[in-house]
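Now for the letters of each chain:
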Amino acid sequence: SEDLSKTQQYKDNAERAHFKQGFTNYEDYLGSLDMELTIENLSDFNITRFAQMTQKTNQFNLTTKRYTETDLSSMAADGSLLYGLRVKDKFGDNGLTGLIIINKHGKNAIIDSILLSCRILGKNIETEFVRYILSKLKDIGVNHISATYIKTLKNAQVADFYDKLGFEVEEDSTDENKKYNLNLSSFTYALSTIYKISES
């Protein structure tokens, strides 16, 4: 269904672009979109789409790891946390267009993957999504989280994504493989007034 609705989504994006021309302030434009972000846990209903996103998303993909449905089921069975992101606004429904995979080990966690479809970028959704998940991890007792950016030919636009979120770069990082850490005890998050966020 996500693939079949792409044509309509491109039309919706054209309407958004036209609508944006009426604003001089970017924050005002974002607030006027009435964006709704819905966080979904892995389920039989969405597992096919989760796997498809790992296999097809290249530009906004921090590690570009590819997984099958069997892989994802096994990860969930082993305790990994998999959260999808569904996005819609006043112009239409972009569907399930984001995914984060986290391996949790007691009070420590490792971000395995973060990826978003390019058609929802440009509205700071990616930052809000990840910050919301980080707050969830803190709420369930995670104190420390680590992550990696693995450089590919297509994902240069996310090379500094973790830096912008406040992660610290490890000393042994390289341009091709940047390692990060974040102490969640000092992490704070407040619900945005721009996005309406819910879980299903």
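What counts, and where the lines are drawn
- Residues numbered from 1 in each chain as written.
- Predicted model: local features only at pLDDT ≥ 70, side-chain atom pairs only at ≥ 80, totals over all residues.
- Heavy atoms only, no water.
- Helix = DSSP H or I, 4+ residues; strand = E, 2+ residues; numbered from the N terminus.
- Contact = heavy atoms within 4.5 Å.
- Salt bridge = Lys/Arg side-chain N within 4 Å of Asp/Glu carboxyl O.
- Buried < 20%, exposed > 50% of the residue type's maximum accessible area, 1.4 Å probe, protein only.
- Pairing = 2+ DSSP bridges.
- Core = buried A, V, L, I, M, F, W, Y, C linked by side-chain atoms within 4.5 Å.
- Phe/Tyr/Trp six-rings, centres within 6.5 Å; stacked < 30°, edge-to-face > 60°.

1. Focus on the side chain of asparagine 46
Note on placement: asparagine 46 falls in the loop between β1 (35–41) and α3 (47–56). If near-sequence neighbours (up to four positions away) are discounted, asparagine 46 is found in contact with Glu40, Asn41 and Leu96.

2. Remarks on the pattern of salt bridges
Applying the stated rule across the entire model yields nine salt bridges. In this structure, aspartate 89 engages arginine 16 in a salt bridge whose closest nitrogen and oxygen atoms are separated by 2.6 Å. Highlighted residues: aspartate 89 in strand β2 (residues 81–89) and arginine 16 in helix α1 (residues 6–20), separated in sequence by 73 residues. Comparing aspartate 89 with arginine 16 shows no difference in burial state: the two are buried. Two residues, lysine 179 and aspartate 172, come together in a salt bridge whose shortest N-O distance is 3.5 Å. Given a relative accessible area of 47%, aspartate 172 falls into the partly exposed group.

3. Section: the sheet that holds strand β4 (residues 108–116)
In spatial order, the strands read β6-β7-β5-β4-β3-β2-β1-β8; together these eight strands make up an open sheet with mixed pairing. The sheet terminates laterally at β6 (168–169) and β8 (195–199), the two strands that pair on one side only. In this sheet, strand β7 (residues 177–183) lies alongside strand β5 (residues 144–150) in antiparallel orientation, the contact comprising seven bridges. From the neighbouring strand, isoleucine 145 faces β7, where its bridge partner is leucine 182.

4. Quick word on the nonpolar core
Counting 44 residues, the largest nonpolar core has Ile114, Tyr162 and Phe167 as the members making the most contacts within it. If one sorts the elements of this core by residue count, helix α5 (residues 125–139) sits on top with seven residues. The contacts of isoleucine 114, once residues within four sequence positions are left out, are Phe60, Asn61, Leu62, Leu99, Ile100, Val130, Phe161 and Tyr162. Met53, Tyr67, Met75 and Leu99 belong to the second largest nonpolar core, which has twelve residues in total.

5. Observations regarding the packing of aromatic side chains
Within the structure shown, the criterion is met by eleven aromatic pairs. With centroids separated by 6.0 Å and ring planes inclined at 80°, the aromatic side chains of tyrosine 132 and tyrosine 189 adopt a geometry described as edge-to-face. Of this pair, tyrosine 132 sits in helix α5 while tyrosine 189 sits in the loop between β7 and β8; the two residues are 57 residues apart in sequence, bridging distant segments of the chain.

6. Side note on the environment of glutamine 8
Mapped onto the fold, glutamine 8 is located in helix α1. Under the relative-accessibility criterion, glutamine 8 is labelled partly exposed at 43%.

7. What about the pairing of β4?
Extensive coverage of β4 is indicated by the burial of seven of its nine residues. In sequence, strand β3 (residues 92–105) turns back onto β4 through a hairpin of two residues, with glycine 106 there showing a positive phi of about 65°. Of the strand pairs in this sheet, β4 and β5 are connected by four bridges, and their pairing is parallel. From the neighbouring strand, asparagine 108 faces β5, where its bridge partner is histidine 144.

That's the geometry; what it means functionally is another story.
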